[in-house]
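# Residue-level structure breakdown
Given next are the chains, with one letter for each unit.
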Amino acid sequence: GGVRASRADGFRVNFPGQPVVSTTTFKSEYGADLPARVFSVNIGRERYSMTVVDYSPIEAILTAKSKQCPPFADERCTGVGAGAAVGFGYWKTDVRAALVWASWQFMQRDARVTELTWNNIDFVEGHQLQLTNNKDKSRTHAAIYMHENKLYIIEGTVPAGYPAPALFQDSLGWLDENGVGLRYQ
């Protein structure tokens, strides 16, 4: 185990082993396919992951998508009415709602949500969720944060009877572009 840092992704976390890094795509609430990287460790039936979604291309993606709308489309496509507040293709709304959207994805699982709370890590706001799997009674502790236009989804799942993966989740911290730890006051 030990602290693993990703300077490029702006975080550090204490994984219980060397994570495997893979790339994927994360679909935002309004349909933008965003690049993401997943850092994961599996130990027996325990699973730990950190997903970092890059929201920086969302304005370009959803603005371009809005230009493909048919004539007389709704405000999401035209920007008429609420364009300044939401952005073409609702890109501004998509960024503002990213925490809720990611939390909602957890709530769609075949599991019972036992906790949903507001939280912060060094004054970066986020959501924390706890779920109990309806089939095998495993427990998932997850947290979601938005920092510097990146969405961070940290998730630890352990079998029934195991200690909660809270130490993994609580070890999350932020790094600046030089890899130096950030602690907002």
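Each remark here, short or long, concerns the structure printed above.
This text gives an overview of the structure that appears in the document. (Residues numbered from 1 in each chain as written. Predicted model: local features only at pLDDT ≥ 70, side-chain atom pairs only at ≥ 80, totals over all residues. Heavy atoms only, no water.)

### Thoughts on the pattern of salt bridges
- Taken as a whole, this structure holds five salt bridges when the rule is applied.
- Lys27 serves as the salt-bridge partner of Asp33, at 2.7 Å between the closest nitrogen and oxygen.
- The shortest N-O distance in the salt bridge between Asp110 and Lys135 comes to 3.5 Å. Highlighted residues: Asp110 in the loop between α5 (98–107) and β6 (111–121) and Lys135 in the loop between β7 (124–133) and β8 (139–147), separated in sequence by 25 residues.
- Residue Lys135 is classed as exposed on the basis of its relative accessible area, which comes to 71%. (Salt bridge = Lys/Arg side-chain N within 4 Å of Asp/Glu carboxyl O. Helix = DSSP H or I, 4+ residues; strand = E, 2+ residues; numbered from the N terminus. Buried < 20%, exposed > 50% of the residue type's maximum accessible area, 1.4 Å probe, protein only.)

### Considerations on the pairing of β6
- Taken together, the 10 bridges between β6 and β7 define a ladder with antiparallel strand orientation. The residue of β7 that forms the bridge with Glu115 is Gln130.
- Taken together, β6 and the strand that follows it, β7, pair antiparallel across an intervening segment of two residues, in which Asp122 is found at a positive phi of about 50°. (Pairing = 2+ DSSP bridges.)

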